[in-house]
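# Structure at a glance
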Amino acid sequence: MEFGLNNKQKEIQELAKRFTDEEIIPRARQNDIDEHFPIEILKKMGPLGLMGGTVPKEWGGSELDFVSDAIIFEEVGRGCSSLRTILSVQVSLVEQAILNWGTEEQKRKYLPGLCRGELLGAFAITEPEAGSDAGSLKTTAQKVDGGWLLNGVKTWISNGGMADVLIIFARVGKEPGSKAISAFIVEKGTEGFTTREIKGKLGLKAANTAVLFFKDSFVPEDALLGNQGEGFKIALSCLDNGRFGVASGCVGIIQACIDASTQYAKKRVQFGKSIASFQLVQDMIAKMVVDRDAARLLVYRAAELKNKGVRNTLESSIAKYFASEAAVRAATDAIQIHGAYGYSNAFPVERYLRDAKVATIYEGTSQIQKLIIGEHTLGVRAFF
Ligand SMILES: Cc1cc2nc3c(=O)[nH]c(=O)nc-3n(C[C@H](O)[C@H](O)[C@H](O)COP(=O)(O)OP(=O)(O)OC[C@H]3O[C@@H](n4cnc5c(N)ncnc54)[C@H](O)[C@@H]3O)c2cc1C
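The shown structure was predicted, so the numbers you read here are calculated from the model rather than taken from an experiment. The numbers attached to residues start from 1 for each chain and follow its sequence in the written order. With pLDDT at 70 or above as the cut-off, local features in this predicted model cover only qualifying residues; side-chain atom pairs require 80 or more to be listed or tallied, and sums for whole chains, interfaces and linings still use all residues. Note that water and hydrogens are dropped before the side-chain values are worked out from all heavy atoms of the structure.

### Focus on the side chain of Ser 248
Which entries qualify depends on this criterion: Helix and strand assignments come from DSSP, with helices taken as H or I runs of at least 4 residues and strands as E runs of at least 2, each series counted from the N terminus. Exposure classes here rest on a 1.4 Å probe applied to the protein chains alone. A residue is buried below 20% of its type maximum, exposed above 50%, and partly exposed in between. Within 3.5 Å is the distance limit for a polar contact, defined as a pair of N or O atoms, with the added protein rule that one can donate a hydrogen and the other accept it, and that residues adjacent in sequence qualify only through two side-chain atoms. Residues count as neighbours in contact if any of their non-hydrogen atoms are within 4.5 Å of one another.
By the secondary structure assignment, Ser 248 is in helix H6 (residues 231-267). Owing to a relative accessible area of 1%, Ser 248 belongs among the buried residues under this scheme. Separated by 2.7 Å, the side chain of Ser 248 and the backbone oxygen of Phe 244 make a polar contact. Ignoring any residue separated from it by four or fewer positions in sequence, one finds Ser 248 in contact with Ala 70, Phe 73, Glu 74 and Val 299.

In structure tokens, the structure reads:
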């Protein structure tokens with residue numbers, strides 16, 4: 001078992017750290033206030049290789065290992081969770097879906113553009129009546145001459161209103177259950193496909209989240225990703241990667257909470273002393289440090305399994321559950337350490353809390369992660 005980073009991983013960490021400090025952090029507060037989708041930052045990340053993940057160079061990717069992938073998500077998450085969400089969807093869900101399930105032609109068509117940040121991806125499984133129970137989705141794909149007609153509504157889709165390439169899960173035929181679900185690659189501009197941005201979110205204000213509408217939207221035969229009926233399997237395999245990305249980003253949020261709290265606690269004086277000297281303040285910071293290290297080690301364990309091509313559903317779920325709940329705890333305590341000042345956006349900690357909360361909801365809620373962990377432990381399935 002190796003605990004240190006190798007030289008290549010250290011180089012990636014250095015690059016991602018510098019990019020976050022110089023390009024992401026200085027703009028994160030204003031982008032949150034303006035609800036501005038940071039497309040200009042993404043355009044800079046692509047050429048640096050920060051959006052190419054583990055995709056082989058042959059397909060235009062960065063050919064990184066999964067620890068390096070986690071390091072990028074952690075660093076970006078330290079600066080801005082909106083951006084980390086955009087990146088996770090692109091790298092962990094869309095690129096991995098096409099890489100692992102796409103045909104040669106689909107890989108050639110989409111991967112280079114996604115990896116360079118010239119194309120933006122989205123991954124749409126959730127519907128108004130199908131959230132945790134994603135297998136009950138109702139969007140349909142009807143076979144017609146030369147392709148498929150999609151009909152239905154997707155909701156809460158990250159990057160949904162901006163994406164050029166969308167992975168859409170739809171039901172073929174009338175059979176209920178997850179076995180009738182197939183995955184399709186849908187391009188922006190497809191006839192009968194429209195979007196509406198979801199406004200008023202608690203956090204992730206610089207990320208785009210949208211409702212997608214499909215009305216007799218025709219996609220060609222070769223839009224099918226994987227085989228017919230493999231959609232749910234594809235979705236679950238992608239979520240193992242997506243949860244890993246979320247967990248890594250949450251390690252970054254915890255680190256950001258430690259940085260902000262340490263800096264503030266050393267400067268703030270009460271009762272004639274720096275508040276950093278108070279044991280109850282140190283208690284909060286010590287818990288953040290323990291949570292950061294535990295979360296990071298869980299992420300790296302999942303990364304090592306992924307590097308070896310070993311199934312990691314349980315380990316990715318454990319990492320996502322622990323890291324997301326720990327990020328909420330860290331951000332709550334970071335506000336507490338800042339007192340009244342933490343309650344305003346003069347300091348970044350209120351944004352960290354608003355942004356951390358969603359990580360306990362998307363890509364499977366904390367309750368769903370616990371049911372996955374429970375099933376692996378007990379051998380008894382509590383859901384679908
Ligand atoms: C900002 C944001 C971005 C998102 N991005 C995407 C995206 O890009 N693509 C996409 O497809 N989806 C996306 N989602 C949707 C997200 O994955 C779902 O919100 C999530 O899966 C939960 O579904 P739901 O909101 O319908 O909650 P529900 O499933 O209705 O759950 C409500 C509550 O019931 C609990 N619950 C449900 N079932 C059980 C059970 N069996 N046992 C115990 N408790 C249970 C849940 O844990 C939760 O507390 C996003 C959501 C948000 C908020």
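Text resumes after the structure shown.
### Structural notes on the packing of helix H1 (residues 7-34) against helix H3 (residues 66-79)
So the rule is basically this: Here an axis means a line fitted to C-alpha atoms, over the contact stretch when the element is a helix, while the angle between two N-to-C directions is reported on a 0 to 180 degree scale. Roughly parallel means an angle under 35 degrees; roughly antiparallel, over 145; roughly perpendicular, 65 to 115; everything else is oblique. The sense of a crossing depends on the near helix, which, turned anticlockwise from the far helix by less than a right angle, makes the crossing left-handed and, turned clockwise, makes it right-handed. Residue classes follow a fixed rule: Ala, Val, Leu, Ile, Met, Phe, Trp, Tyr, Cys and Pro count as nonpolar, while Asp, Glu, Lys and Arg count as charged, and any other residue, Gly among them, counts as polar.
Across the interface, H1 lies against H3 with an axial gap of 8 Å and an inter-helix angle of 20 degrees. In terms of their interaxial angle, H1 and H3 are classed as roughly parallel. Handedness of the crossing formed by H1 with H3: right-handed. Together, Gln 9, Ile 12, Gln 13, Ala 16, Lys 17, Thr 20, Asp 21, Ile 24, Ile 25 and Ala 28 of H1 and Val 67, Ser 68, Ile 71, Ile 72, Glu 75, Val 76, Arg 78 and Gly 79 of H3 make up the contact between the two elements. Per-class residue counts for the contact of H1 with H3 are nine nonpolar, five polar and four charged.

### Looking at the site of the ligand
Selection rule: Whether a residue is near a molecule or strand is decided by its heavy atoms; if any one of them lies within 4 Å of it, the residue is near. Only the protein chains shown count as cover for residues, with accessible areas throughout obtained via the Shrake-Rupley method and a probe of 1.4 Å.
Surveying the vicinity of the ligand reveals 17 residues, the closest of which are Thr 126, Ser 132, Trp 156, Thr 365 and Gln 367. Between the ligand and Thr 365, the relevant distance is 2.7 Å, taken from an oxygen atom to a side-chain nitrogen or oxygen of the residue. Considering the ligand on its own, with 970 Å² of exposed area, one finds that the protein chains cover 65% of that surface. In terms of residues, the shell around the ligand owes the most to one element, strand E3 (residues 147-158), which gives three residues. A per-class count over the shell around the ligand returns 10 nonpolar, six polar and one charged.

### Regarding the nonpolar core
Rule in force here: Only buried Ala, Val, Leu, Ile, Met, Phe, Trp, Tyr and Cys residues count toward a nonpolar core, and they belong to the same one when joined by side-chain atoms within 4.5 Å. Domain start and stop points were drawn from an automatic or database domain assignment.
Ranked by internal contacts, the top residues of the largest apolar core, which has 67 residues, are Met 45 and Leu 83. Only H1, helix H2 (39-45), H3, helix H4 (81-101), H6, helix H7 (279-307), helix H8 (313-338) and helix H9 (349-357) provide two or more residues apiece to this core. Ranked by the residues each element gives to this core, the list is headed by H6, at 13 residues. Both domain 1 (7-119) and domain 3 (232-378) contribute no fewer than three residues apiece to this core. If sequence neighbours within four positions are ignored, Leu 83 has contacts with Ile 24, Pro 38, Ile 41, Leu 42, Met 45 and Val 76.

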